[in-house]
Amino acid sequence: AQTPVKVTVTGAAGQIGYALLFRIASGQLLGADVPVTLSLLEVPQAVKAAEGTAMELDDCAFPLLRGIEIADDPNVAFDGANVALLVGAMPRKAGMERGDLLEANGGIFGPQGKAINDHAADDIRVLVVGNPANTNALIAQQHAPDVPAERFTAMTRLDHNRALSQLAAKLGVPVTEIKKMTIWGNHSATQYPDLFHTEIGGKIAAEQVDESWLRDTFIPTVAKRGAAIIDARGASSAASAANAAIDHVHDWVNGTEWTSAAIVSDGSYGVPEGLISSFPVASRGGRWEIIQGLEIDAFSRERIDASVRELEEERDAVRKLGLI
Ligand code: NDP
């Protein structure tokens, strides 16, 4: 029998965790023939809630689910992990300065990175969902010197999927008709959804919409979609975030010709080496590769640079705080 793949989820008792765990256990993360064990990491006060979720997982009698562990110690939760979904993070509270937010998250993602370094399986793949995701991923990566840096990634797949659906609605085509969508930069309001390489029926998307729609509607709608959902639902987007995490890891493991993911920069497209920034990527043989050779015009350059500058500022801030 196949050895189960161990998937560790942090913040497992939260909203995204609740939307995520059942899909992992049902085989949607890795494939319908891959058995899994789930490791749930929570802060001590949320362990009881995680136990409740585990009871519900038991009650689904998922054929692929071979075990559930719950821990409040990252050294235990990441022991032997093959996939780590870092969802739990310190949310920004009213009146909180950015430095406070970064510091609080440094206290979470530094020790988690070290625990991954010391205890995870050799093939560990890490996806950071908890915000500020790119910089949290950088902090974790910097605390895991023995793990190849390319195994640390942050999620921009939800932004990518939002961009696909906004464009599909605008043009009245199914999302499956849209190829080569790209999100660049930081998972924040500065992110840049790029339609200059996106194709529908072989034609460039940017040439099929008004420039004013692209600039004044499309880009801000994608970037601010999270706030619009909070406004409508009275709670943040959890199911769509979980869905994007599933898509990211599924494609990383099983391959894709083109999607968006925040991965460690090798200097491509002028993004400083080492930053965890979103790029157009393919996945081959279980590894992300940045799609090369795209021409970047002045409109795109300005927006990519602005988002990358924000990532550099976040990196400099966590450096100054001694978090990396
Ligand atoms: P959610 O499950 O809704 O969100 C978790 C994180 O994902 C937040 O940082 C959130 O960022 C981020 N996120 C990324 N993309 C999205 C998106 N599109 N929509 C919404 N959130 C997104 O939070 P809950 O408060 O329900 O749950 C968090 C859980 O994490 C709690 O159970 C808490 O106990 C736990 N936790 C665990 C830790 C650990 O295991 N060591 C450490 C810290 C917390 P944003 O804040 O910007 O919305």
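Looking at an unreviewed UniProt entry, one finds the chain named Malate dehydrogenase and attributed to Streptosporangium pseudovulgare. Its UniProt record gives the chain the following Function (unreviewed entry) comment, quoted word for word: "Catalyzes the reversible oxidation of malate to oxaloacetate."

Moving on: the environment of Pro193. Note on placement: Pro193 falls in strand β9 (residues 192-194). Sequence spacing of Pro193 and Arg303 is 110 residues, and the spatial spacing of their C-alpha atoms is 9.3 Å. The contacts of Pro193, once residues within four sequence positions are left out, are Asp159, Ala163, Ile183, Phe218, Ile219 and Val222.

Quick look at the UniProt feature "binding site: NAD(+)" (unreviewed entry) in the chain now. UniProt records the feature "binding site: NAD(+)" (unreviewed entry) at Gly11, Ala12, Ala13, Gly14, Gln15, Ile16, Gly17, Asn105, Gln112, Val129, Gly130 and Asn131, using the numbering of this structure. Among residues more than four places away in sequence, those in contact with Ala12 are Gly17, Leu21, Leu40, Leu41, Glu42, Ala50 and Thr53. Relative to the helices and strands, Asn131 resides in the loop between β5 (125-128) and α5 (133-142).

As a further point, take the nonpolar core. Counting 92 residues, the largest nonpolar core has Leu85, Val129 and Ala245 as the members making the most contacts within it. Here the element with the most residues in this core is helix α9 (residues 239-254); it accounts for 7 residues. Residue contributions to this core reach at least three from each of two domains, namely domain 1 (5-154) and domain 2 (157-313).

Each neighbour pair has its own omega, and for Asn131 with Pro132 the value is -5°, a cis peptide bond. Inspection of the secondary structure puts Pro132 in the loop between β5 and α5. Phi at Lys180 is positive, roughly 65°, even though this residue is not glycine.

The subject of this paragraph is the site of the ligand. The environment of the ligand is formed by 26 residues, the closest being Gly11, Gly14, Ile16, Gly88 and Ala89. Looking at the shell around the ligand, its residues break down into 14 nonpolar, 11 polar and 1 charged. Counting contributing residues per domain, the shell around the ligand is built from domain 1 (5-154) and domain 2 (157-313), each supplying no fewer than three.

By domain assignment, the chain separates into domain 1 (5-154) and domain 2 (157-313). Contact residues are listed per partner, giving 25 residues for domain 1 and 26 residues for domain 2. Contributing elements (two or more residues each) for the side of domain 1 that touches domain 2: α1 (15-25), β4 (83-86), β5, α5 and β6 (152-154).

Among the 10 residues of α5, 10 are classified as buried, and the element is accordingly described as predominantly covered. The complete set of buried residues in α5 reads Ala133, Asn134, Thr135, Asn136, Ala137, Leu138, Ile139, Ala140, Gln141 and Gln142.

Now for the UniProt feature "domain: Lactate/malate dehydrogenase C-terminal" (unreviewed entry) in the chain. Here, the residues flagged by UniProt with the feature "domain: Lactate/malate dehydrogenase C-terminal" (unreviewed entry) are residues 156-317. Taken end to end, residues 156-317 is 45% helix and 21% strand, and its first and last C-alpha atoms sit 22 Å apart.

The next thing to look at is the sheet that holds strand β10 (residues 199-200). The strand order β7-β10-β11 describes an open sheet built from 3 strands, whose pairing is antiparallel. Two strands in the sheet have a free side with no partner beyond their single neighbour: β7 (178-179) and β11 (203-204). Note: β10 against β11, 2 bridges, orientation antiparallel. Residue pairing across strands places Ile200 opposite Lys203, the latter belonging to β11.

For the rest of this paragraph, the subject is the packing of α5 against helix α10 (residues 298-320). Running from amino to carboxyl end, α5 crosses α10 at an angle of 45°, the nearest separation of the two axes being 10 Å. When the axis of α5 is compared with that of α10, the two are oblique. Here the hand of the crossing between α5 and α10 comes out right-handed. On the side of α5, the interface is formed by Asn134, Thr135, Leu138 and Ile139, while α10 contributes Leu311, Glu314, Arg315 and Val318. Residue composition of the contact of α5 with α10, by class: 4 nonpolar, 2 polar and 2 charged.

A word on the pairing of strand β1 (residues 5-10). Two faces belong to every sheet, and in a regular strand the side chains alternate between them. Taking burial as the measure, the 6 residues of β1 include 6 buried ones, the bulk of the element. Burial along β1 is two-sided: Val5, Val7 and Val9 and Lys6, Thr8 and Thr10, pointing in opposite directions, are all buried. Relative to strand β2 (residues 36-41), β1 runs parallel, the two being bridged by 6 bridges. Bridge pairing in β2 places Val9 opposite Leu40. Traced from β1 through α1 to β2, the parallel crossover comes out right-handed. Taken together, the 4 bridges between β1 and β4 define a ladder with parallel strand orientation. Bridge assignment links Thr10 to a residue of β4, and that residue is Leu86.

Cut-offs and rules
Residues numbered from 1 in each chain as written. Predicted model: local features only at pLDDT ≥ 70, side-chain atom pairs only at ≥ 80, totals over all residues. UniProt positions renumbered as here; feature names shortened; annotations may be inferred. Helix = DSSP H or I, 4+ residues; strand = E, 2+ residues; numbered from the N terminus. Contact = placed C-beta atoms within 7 Å. Core = buried A, V, L, I, M, F, W, Y, C linked by C-beta atoms within 7 Å. Buried ≥ 20, exposed ≤ 12 C-beta atoms within 10 Å, placed from the backbone. Domains from an automatic or database assignment. Near = placed C-beta within 6 Å. Nonpolar A, V, L, I, M, F, W, Y, C, P; charged D, E, K, R; others polar. Pairing = 2+ DSSP bridges. Axes fitted to C-alpha atoms, helices over the stretch in contact; angles between N-to-C directions. Parallel < 35°, antiparallel > 145°, perpendicular 65-115°, else oblique. Left-handed = near helix turned anticlockwise from the far one by under 90°. Right-handed = clockwise from strand over helix to strand, strands pointing away.

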